[in-house]
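# Reading the structure
Here's the letter readout for the chains.
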Amino acid sequence: MLGTRGCRLGLQWPEIYEMQVRAIVRAARAVEERTGEAPLVEIMHPLVGFEEELRRLRELTVRVAEEENAGDYLCGTMIELPRACIRADEIAEQADFFSFGTNDLTQTALGFSRDDAEGKFLTFYLEDGVLEKNPFETLDQGGVGELMRIAVERGRSTKSDLKLGICGEHGGEPKSVAFCHELGLDYVSCSPYRVPLARLAAAQAAL
């Protein structure tokens, strides 16, 4: 989970990301031709921890999108690393939006490998009362949540209109959704079966 993936892969082999950007732009154009309406396209680069990573990938994105005569689109990043939260003001210089990848942010903040922890020591932690909740199911507000709070404050100190949201299973868990509302996030996303619960939780938080 910490190896050559995400933006690291795209920087080392840019032709992969060039292909993906072209595919996104062409798919958006096909939708517009079929429906008459241009979709809101958001191109999100994952696992960014340094401004320079996103600067280079944004440059690639813009270049390829212009070659493909792209319409309007946003270019942003996943926030999945503690360093990205701490340096969010710098990373925001290159981003139109942030989406918190709370599954990976939980792993990297807590030092828990989800595949290894669940069913092993994490089960013991929950049964023995070391932890009250599984942090992969209910957001760890005191740790991961504080990193998110820092990222929100610092990111919006650079761009006050920075679009912020989360993706991951936490986006469908009521307490986590309420916390995201408290932080001032613009949206949550989750897997399809959690959508009704997420909508209800978001409505209750707003009320």
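For the structure itself, look to the data block above.
A brief look at the structure comes next. (Residues numbered from 1 in each chain as written. Predicted model: local features only at pLDDT ≥ 70, side-chain atom pairs only at ≥ 80, totals over all residues. Heavy atoms only, no water.)

### Considerations on the pattern of salt bridges
As enumerated under the stated definition, the model contains 19 salt bridges in all. One salt bridge connects Arg55 with Glu52, and the closest N-O pair in it is separated by 2.8 Å. Within this pair, Arg55 and its partner Glu52 are both found in helix H3 (residues 51-67), separated by 3 residues, close to a single helical turn. Between Arg149 and Glu146 there is a salt bridge; the shortest N-O distance is 3.1 Å. Taken together, the residues Arg149 and Glu146, both in helix H9 (residues 144-158) and 3 residues apart, mark about one turn of the helix. Judged by relative accessible area, Arg149 falls into the partly exposed class, the value being 24%. Salt bridges sharing common partners tie together Glu18, Arg22, Arg26, Arg29, Arg63, Glu67 and Glu68. (Salt bridge = Lys/Arg side-chain N within 4 Å of Asp/Glu carboxyl O. Helix = DSSP H or I, 4+ residues; strand = E, 2+ residues; numbered from the N terminus. Buried < 20%, exposed > 50% of the residue type's maximum accessible area, 1.4 Å probe, protein only.)

### So, the pairing of strand S1 (residues 41-45)
Of the two faces of S1, the one holding Val41, Ile43 and His45 is buried and the one holding Glu42 and Met44 is not buried anywhere. Remark: the S1/H3/strand S2 (residues 73-79) crossover connection has right-handed handedness. (Right-handed = clockwise from strand over helix to strand, strands pointing away.)

### Describing the side chain of Glu169
For Glu169, the location among the structural elements is in the loop between strand S4 (163-167) and helix H10 (174-183). Dropping the residues within four chain positions of it, Glu169 is found in contact with Asn103, Ser191, Tyr193 and Arg194. (Contact = heavy atoms within 4.5 Å.)

### With respect to the packing of helix H2 (residues 14-35) against H3
Orientation of H2 relative to H3, taken along the N-to-C sense of each, is 45 degrees, at an axis distance of 9 Å. Considered as vectors, H2 and H3 are oriented oblique to each other. Here H2 and H3 pass one another in a crossing that is right-handed. Facing H2, whose interface residues are Pro14, Tyr17, Glu18, Val21, Arg22 and Val25, H3 presents Leu57, Leu60, Thr61, Arg63, Val64, Ala65 and Glu67. When grouped by side-chain class, the residues that make up the contact of H2 with H3 number 8 nonpolar, 1 polar and 4 charged. (Axes fitted to C-alpha atoms, helices over the stretch in contact; angles between N-to-C directions. Parallel < 35°, antiparallel > 145°, perpendicular 65-115°, else oblique. Left-handed = near helix turned anticlockwise from the far one by under 90°. Nonpolar A, V, L, I, M, F, W, Y, C, P; charged D, E, K, R; others polar.)

### Considering H9
Under the 1.5 Å per step criterion, the end-to-end length of H9 is 21 Å for 15 residues, consistent within 8% with the ideal 21 Å. Regarding H9, the residues found buried are Val144, Gly145, Leu147, Met148, Ala151, Val152 and Gly155. In an axial view of H9, the angular spread of the buried residues amounts to 150 degrees, which keeps them on one side of the axis. Exposed and oriented more than 90 degrees from the buried face of H9 are Glu153 and Ser157. Check the buried side of H9 and you find it contacts helix H4 (82-86), helix H5 (88-91), strand S3 (97-101), helix H6 (102-110), S4 and H10. (Expected span 1.5 Å × (residues − 1). Arc of directions from axis to C-beta.)

### Re the sheet that holds S2
Pairing within the open sheet is parallel, and its 5 strands lie in the order S1-S2-S3-S4-S5. The open sheet has two free edges, formed respectively by S1 and strand S5 (187-188), since each of these has just one partner strand. In this sheet, S3 lies alongside S2 in parallel orientation, the contact comprising 3 bridges. Of the residues in S3, the one forming a bridge with Met78 is Ser99. (Pairing = 2+ DSSP bridges.)

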